[in-house]
Amino acid sequence: MSWCLPVTCQYLPVTAVNTTARLTALRQQMYTQNLSAYIVPDTDAHMSEYIGEYDQRRAWITGFTGSAGVAVVTMEKASLWTDSRYWTQAERQMDCNWELHKEVGTTPIVTWLLTEIPVGAHVGVDPFLFSINSWESYDKALQDSDRELVSITVNLVDLVWGSERPPVPSEPIYALQEAFTGSTWQEKVAGIRSQMQKHHKAPTAVLLSALDETAWLFNLRGSDIPYNPFFYSYTLLTDSSIRLFANKSRFSSETLQYLNSSCTGPLCVQVEDYGQVRDSVQAYTSGDVKVWIGTSYTSYGLYEVIPKEKLLEDTYSPVMVTKAVKNSKEQTLLRASHVRDAVAVIRYLVWLEKNVPQGTVDEFSGAEQLEKFRGEEEFFSGSSFETISASGLNAALAHYSPTKELHRKLSSDEIYLVDSGGQYWDGTTDVTRTVHWGTPSAFQKEAYTRVLIGNIDLSRLVFPAATSGRMVEAFARKALWDVGLNYGHGTGHGIGNFLCVHEWPVGFQSSNIAMAKGMFTSIEPGYYLDGEFGIRLEDVALVVEAKTKYPGTYLTFEVVSLVPYDRNLIDVSLLSPEQLQYLNSYYQIIREKVGPELQRRQLQEEFSWLQWHTEPLTARAAPTASLAPLVTVSALAILGWSV
C-alpha cells in the first residue's frame, strides 16, 4: 500500500524508520471500521504539553519523534503536517510511505483530505485525543463537504502497536509532604465546593481532566509525564462525593489512608479505575445534575457523553484558575526554590568560563553539566523541560535543543544561550541567560541591551489590578521596536509549584486570564538573527501590589529569578537612569539572597564570581571594586522585596 516511487526508497537516510508493516496493520483496522482516513494527533487524553512514551502514537506510526505534528493515514497515502522546527528531522526519520506537509493547522489537513477521500467518506479519530475545539473544527469543515468525522473510542494505533507499546506507568503515586504544600487537599476541595455553591448556575460537580489539576487538588505527584510530576488521572468532584480515577494499585496503603479512601463521606476520596471515567461520567449525568468543565483541557471523549443542557462550560476550570494564584506559603516555597536554582546556574556559568576557552565543552555536554549541578541541590526532582543549550547560529532557533549526536562546540567567539529549569519539591524554575566570553559586536551588545531593557521595563511596570497580560506585553518589546527589531514568540507564561513549567492560564497572550496578586509568570523578551545568533533573557516574577502615590489597587512584578545578566553584553549608555537604578537594585538583591547561600556551601569561587558580576553598573566607565552599591529603598520597593 505504499504510494511513493521506488527510487525514493533507495536514498533513505539510515535514520528513517520502516513503517510499512505498521501502516498495513492500521489500514486493516480502518477497513474493519469502514474508515477512509484516520487522524493521529500528537497529544494525550489530557491535552498535556509533554506526553509519556505510552502515548507516543504519532511518533510510533510515523517514525518522526518531534514534539509537534499531526499524521493522517488514508487507504492510499500517509501524510504528516509539522512546523519549520521539525522539517529536517521529519525528512530524516520518515520512510517513503510518508509525505511531509510543511504547514500546520486544521485547514490544510482538511483541504488535503477533501482531495484524497470521496464524498460520504468517514474520517476516524480517537475522541480522547481531541480537544472540544479541535473536534468541532474538523467536524464542521468535513460536514460542510459531505464527509463525516467519526468518534472511535478504541484507539486503532494502540491495537496495531500491541505488545511493542511501552507499558502503562506503574511507579508509585505519592503525597507531597505538608512542608511543600500551600493548603491541605481538604481545604482545596472545600474551596472549590464553595465556588460551586456560589455560582449562579449551581453546578453539582466539577470534572477535572488536566493532569496538573488533580495533582494540585490532592497534593499528589507521580512520574508518568516527562518533565512534569504528574500521573494519569481524572477527578469528578461533586457536592457530596470525590471520585479520583487512577490506577489504584499505584497507591500505597499510607497514601490511600491520606485520601480517606476507606470511607464514603463528602471528604472521602473514592479511587476508581482510570479507564472507567467515561462510563462513570455518563452515568452521573443521567441524574438531575450540572457538570462544570474547563473546555481547554477536556477531551471530546468526555464532552460527547455529557448532555449539553447539563454542562457548565468555561475556558478554564475553577481549579485551573484557583491554582494560578499562589498563597503566601506557596510564594515562599517558590522563592526558596529559585535561590537554590540560582546557585546551580551560577555554578554552571563559572564552570563555563573556565572550560569553554579550553575547547572542551559542547552544547550537549554543557546541558548535562547544568543538570548535574541542579541534581546536587536540595529537593531536586528533575529538569522542568528539555534544556535549550545553543551556541552561535543555533541560538537563533528559539526552541533548539542539542542531542548527543547533533551539537556544536561552545566558543569564546560566539554568543551562547541557555534556557533551562528544574523541578523541586517546593517549586518549578525556568531561567534564560545569554552570554559572550569574548568580544561581542556592537550590534550584539545593542540587541542584548534592548532585550534587557524590555525585561526591565515590563518587570518594573505598575499597572491597574485585573489588567490582562496582553495589554502590557508591548512594554517588553518597545526598546526593540524603537529600532525596527522584534521577536516571534510569546513574552511569558505561568509557572507552578512543583507542577507545570508552562502553567496556564497565566501569561501575556490573548487567551490568558487577567493578572492578579499571587500569580507567577515568566518575562522573556528576546531577539534572533537567523543564521547568526540569538538572545533571550528570562526571569520568573511574582505579581504583587504596587505602592503608588495616590490610593488605588495597582500591581507590579517582583522578580524571583536570581542570576546576574552578562555585563560583557550590556551597553550601559542605552540604559536610562531609572533602568540603571533598577538593575543595580536587582543585583543588590541577588547578593543578599544568593551570596549567603554560596558562602554557607563554601562555594568561594562562585561567591567571588557573584560579587564581581553584581558590582553596580554606572553610566560612565566599567565599574571598579570601590564603587558602592547604588541601592535605594524606592527601587527595592518596586521589586517587592522588604528592606
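Rules behind the numbers
Residues numbered from 1 in each chain as written. Predicted model: local features only at pLDDT ≥ 70, side-chain atom pairs only at ≥ 80, totals over all residues. Heavy atoms only, no water. Disulfide = S-S within 2.5 Å. Buried < 20%, exposed > 50% of the residue type's maximum accessible area, 1.4 Å probe, protein only. UniProt positions renumbered as here; feature names shortened; annotations may be inferred. Helix = DSSP H or I, 4+ residues; strand = E, 2+ residues; numbered from the N terminus. Phe/Tyr/Trp six-rings, centres within 6.5 Å; stacked < 30°, edge-to-face > 60°. Lys NZ or Arg CZ within 6 Å of the ring centre and 35° of its normal. Pairing = 2+ DSSP bridges. Contact = heavy atoms within 4.5 Å. Core = buried A, V, L, I, M, F, W, Y, C linked by side-chain atoms within 4.5 Å. Polar contact = N/O pair within 3.5 Å; in protein donor to acceptor, adjacent residues only side chain to side chain.

Peer 1: Looking at this structure, I do not really get the state of the cysteines. What am I missing?
Peer 2: Working definition: the covalent bond between the sulfur atoms of two cysteines is a disulfide. Applying the stated criterion across every chain yields a total of one disulfide. Between the sulfur of C263 and that of C268 lies a disulfide, 1.8 Å long from S to S. Handedness of the C263-C268 disulfide follows from its S-S torsion of about -105 degrees: it is left-handed. On the basis of relative accessibility, which here comes to 28%, the residue C263 falls in the partly exposed class. Judged by relative accessible area, C268 falls into the buried class, the value being 7%.

Peer 1: Can you walk me through the UniProt feature "domain: Peptidase M24 C-terminal" (unreviewed entry) in the protein in this structure?
Peer 2: Per the UniProt record, "domain: Peptidase M24 C-terminal" (unreviewed entry) is annotated on residues 554-617. Taken end to end, residues 554-617 comprises 53% helix and 9% strand; its first and last C-alpha atoms sit 30 Å apart.

Peer 1: Sorry, what's going on with the UniProt feature "domain: Peptidase M24" (unreviewed entry) in the protein here?
Peer 2: According to UniProt, the positions carrying the feature "domain: Peptidase M24" (unreviewed entry) are residues 334-544. Counted over residues 334-544, helix gives 29% and strand 25%. Its end C-alpha atoms are 14 Å apart.

Peer 1: What is the right way to read the packing of aromatic side chains from this model?
Peer 2: Working definition: an aromatic ring pair is given by the centre-to-centre distance plus the angle between the planes. Throughout the structure, instances matching the rule amount to 26 aromatic pairs. Taken together, a centroid distance of 5.5 Å and an interplanar angle of 20 degrees make the contact between W60 and W161 stacked. Within this pair, whereas W60 is found in helix α3 (residues 57-62), its partner W161 is found in helix α7 (residues 156-161), the two being separated by 101 residues in sequence. What makes W161 buried here is its relative accessible area of 5%. An aromatic cluster of at least three residues, connected via ring pairs, comprises Y54, Y232, Y234 and Y274. Positioned above the aromatic ring of Y303, the side-chain terminus of K308 is 4.6 Å from the ring centre.

Peer 1: For this particular structure, what's the right way to read the sheet that holds strand β15 (residues 380-383)?
Peer 2: Sheets are built from strands paired through backbone hydrogen bonds, the pairs being either parallel or antiparallel. Judged by pairing direction, the sheet is antiparallel, and its three strands sit side by side in the order β15-β18-β19 without closing on themselves. The open sheet has two free edges, formed respectively by β15 and β19 (427-428), since each of these has just one partner strand. In terms of strand pairing, β15 meets strand β18 (residues 422-424) through two bridges, oriented antiparallel. Looking across to β18, one finds that S383 is bridged to G422.

Peer 1: Can you help me understand the environment of W292 in this one?
Peer 2: With respect to the secondary-structure elements, W292 resides in strand β13 (residues 291-294). The sequence separation of W292 and Q197 amounts to 95 residues, and the corresponding C-alpha distance is 12 Å. Contact partners of W292, with chain neighbours within four places excluded, come to Q195, M196, H199, P203, A205, V206, L207, L312, D314 and P318.

Peer 1: Would you take a moment to explain the nonpolar core for this structure?
Peer 2: Of all hydrophobic cores here, the largest spans 78 residues; its most connected members are L352, F557, Y565, I570, L583 and V594. Top contributing element to this core by residue count: helix α14 (residues 328-355), with 11 residues. Setting aside residues up to four positions removed in sequence, I570 forms contacts with K445, Y448, T449, L452, Y565, L575, L583, Y587 and L617.

Peer 1: Is there a simple way to explain the pairing of strand β3 (residues 78-81) in this structure?
Peer 2: Two faces belong to every sheet, and in a regular strand the side chains alternate between them. Residues A78 and L80 line one face of β3 and the alternating positions S79 and W81 line the opposite face, and both faces are buried. For strand β2 (residues 70-74) and β3, the ladder comprises four bridges, and the chain directions are antiparallel. Bridged to V72 within β3 is S79. Between the antiparallel neighbours β2 and β3 lie three residues. Of the pairings in the sheet, the one linking β3 to strand β4 (residues 98-101) comprises four bridges and is parallel in character.

Peer 1: In this structure, what is going on with the environment of E371? I would like to understand it.
Peer 2: Assignment of secondary structure puts E371 in helix α15 (residues 363-375). Note: C-alpha distance between E371 and L176 (195 residues apart in sequence) is 23 Å. Among the polar contacts made by the side chain of E371, one reaches the side chain of S383 at a distance of 3.3 Å.

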